[in-house]
Amino acid sequence: MGLKRFIGKVGLKVGGWTDVYDVPADLGNAVCIVAPHTAIADFFVGMSFYWAHGIPYKFMIKAEFFKYRVIGWLLYKMGAVRVDRGKKNHLVEQMIEMFRQNQNTHLIICPEGTRKKVTQWKKGFYLIAQGANVPILIGFMDYKKRLCGIEKVFYPTGDYEKDLAEIWDYYRSIKVMGKHPEQFNLYCDD
């Protein structure tokens, strides 16, 4: 077992987390959405999960986290992709290209786009998955049950509204609770 896997497993155990990973071993590249995203602690739980399972990953993070050189360098080494939300940056195309250059990599995205309560999710995760022809993994962190993981693989059909409704139905069915439940609008546009 490598050092990262050991640190990930210890991090989950110390935090009191149980994890589940029910994904075919030969899945290949995938977009992994994670919800709810209501606290910065979600980042550490997510990294512990990915390290514990030894899964190659990239994640998008807002440019503000890169303003300090050491933190920016560390984030880059951890798999961060810098996102400047104020500029037109062709991010969807960049992420599709990233999949062409990487094998068996998960791109981790919090579709809420922020830790605050939102009424709709950002559509980029779907456009990336569809454009790269990769599945969407539905990841979760439930602070009430102290359970995190990925149990569902979803293949986009091209009908965004229908697919999004099915994804939301899944989150409703597993009744996940974020660290700050009042900041997760489980019903989104309902």
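These numbers were taken from a predicted model, which means no experiment stands behind them. (Residues numbered from 1 in each chain as written. Predicted model: local features only at pLDDT ≥ 70, side-chain atom pairs only at ≥ 80, totals over all residues. Heavy atoms only, no water.)

K.L.:
Tell me about the overall build of the protein chain, and name the residues and values.
P.N.:
Each helix and strand counted, the protein chain has 6 helices and 7 strands in total. Across the 190 residues that make up the protein chain, the buried fraction comes to 46%. In the protein chain, of all internal contacts separated by at least 6 residues, the share reaching a separation of at least 24 is 70%. About 10,500 Å² of surface is accessible on the protein chain, with carbon and sulfur atoms providing 55% of the total. (Helix = DSSP H or I, 4+ residues; strand = E, 2+ residues; numbered from the N terminus. Buried < 20%, exposed > 50% of the residue type's maximum accessible area, 1.4 Å probe, protein only. Contact = heavy atoms within 4.5 Å. Areas by Shrake-Rupley, 256 points an atom, 1.4 Å probe, with all protein chains shown as cover.)

K.L.:
I'd like a description of the confidence of the model for the protein chain, backed by residues and values.
P.N.:
Of all residues in the protein chain, 88% have pLDDT values of 70 or greater, and the mean over the chain is 84. Taken element by element, the predicted model of the protein chain shows its lowest mean pLDDT in strand 4 (residues 80-83) (80) and its highest in helix 1 (residues 3-14) (93). (pLDDT = per-residue confidence, 0-100.)

K.L.:
Any chance you could break down the pattern of salt bridges for me, citing the residues and the numbers?
P.N.:
Using the criterion set out here, one finds 3 salt bridges in the structure. Note that Glu 97 is salt-bridged to Arg 100, the shortest N-O span being 3.1 Å. Within this pair, Glu 97 and its partner Arg 100 are both found in helix 4 (residues 91-101), separated by 3 residues, close to a single helical turn. The class of Glu 97 is partly exposed, set by a relative accessible area of 32%. Note that Asp 169 is salt-bridged to Arg 172, the shortest N-O span being 2.7 Å. Within this pair, Asp 169 and its partner Arg 172 are both found in helix 6 (residues 160-174), separated by 3 residues, close to a single helical turn. (Salt bridge = Lys/Arg side-chain N within 4 Å of Asp/Glu carboxyl O.)

K.L.:
So what's going on with the packing of aromatic side chains? Residues and values would help.
P.N.:
Applying the stated criterion across every chain yields a total of 10 aromatic pairs. Ring geometry for Trp 17 and Tyr 143: centres 5.0 Å apart, planes at 80 degrees, overall edge-to-face. Of the two residues, Trp 17 is situated in the loop between helix 1 and strand 1 (18-21) and Tyr 143 in the loop between strand 6 (136-142) and strand 7 (147-154); the sequence distance between them amounts to 126 residues. Neither residue differs from the other here; Trp 17 and Tyr 143 are each classed as buried. (Phe/Tyr/Trp six-rings, centres within 6.5 Å; stacked < 30°, edge-to-face > 60°.)

K.L.:
I'd like a rundown of the packing of helix 4 against helix 5 (residues 124-132), residues and numbers included.
P.N.:
For any two helices packed against each other, the geometry is given by the interaxial angle and the distance between the axes. Two elements in contact, helix 4 and helix 5, have axes whose closest approach is 9 Å; the angle formed by their N-to-C orientations is 45 degrees. In this view, helix 4 runs oblique relative to helix 5, as classed from their interaxial angle. Every pair of crossing elements has a handedness; the one defined by helix 4 and helix 5 is right-handed. On helix 5, the residues touching Val 92, Met 95, Ile 96 and Phe 99 of helix 4 are Gly 124, Leu 127, Ile 128, Gly 131 and Ala 132. (Axes fitted to C-alpha atoms, helices over the stretch in contact; angles between N-to-C directions. Parallel < 35°, antiparallel > 145°, perpendicular 65-115°, else oblique. Left-handed = near helix turned anticlockwise from the far one by under 90°.)

K.L.:
Which residues make up the side chain of Thr 105, and what values do they have?
P.N.:
Summarising the element assignment, Thr 105 is placed in the loop between helix 4 and strand 5 (106-109). The exposure class of Thr 105 is buried, given its relative accessible area of 5%. Non-local contacts of Thr 105, meaning those with residues more than four positions away in its chain, are made with Gly 28, Asn 29, Ala 30, Pro 56, Tyr 57, Lys 58, Met 98 and Phe 99.

K.L.:
Just give me the short version of the nonpolar core, but keep the residues and values in it.
P.N.:
Ranked by internal contacts, the top residues of the largest apolar core, which has 29 residues, are Val 31, Ile 33, Trp 121, Phe 125, Ile 167 and Tyr 171. Among the elements of the structure, strand 2 (30-35), strand 4, helix 4, strand 5, helix 5, strand 6 and helix 6 are those that each provide at least two residues to this core. The biggest single contributor to this core is helix 6, with 7 residues. Among residues more than four places away in sequence, those in contact with Phe 125 are Val 31, Ile 33, Ile 109, Pro 111, Ile 136, Leu 164 and Ile 167. Within the second largest apolar cluster, 28 residues are counted, among which are Cys 32, Tyr 50, Ile 55 and Phe 59. (Core = buried A, V, L, I, M, F, W, Y, C linked by side-chain atoms within 4.5 Å.)

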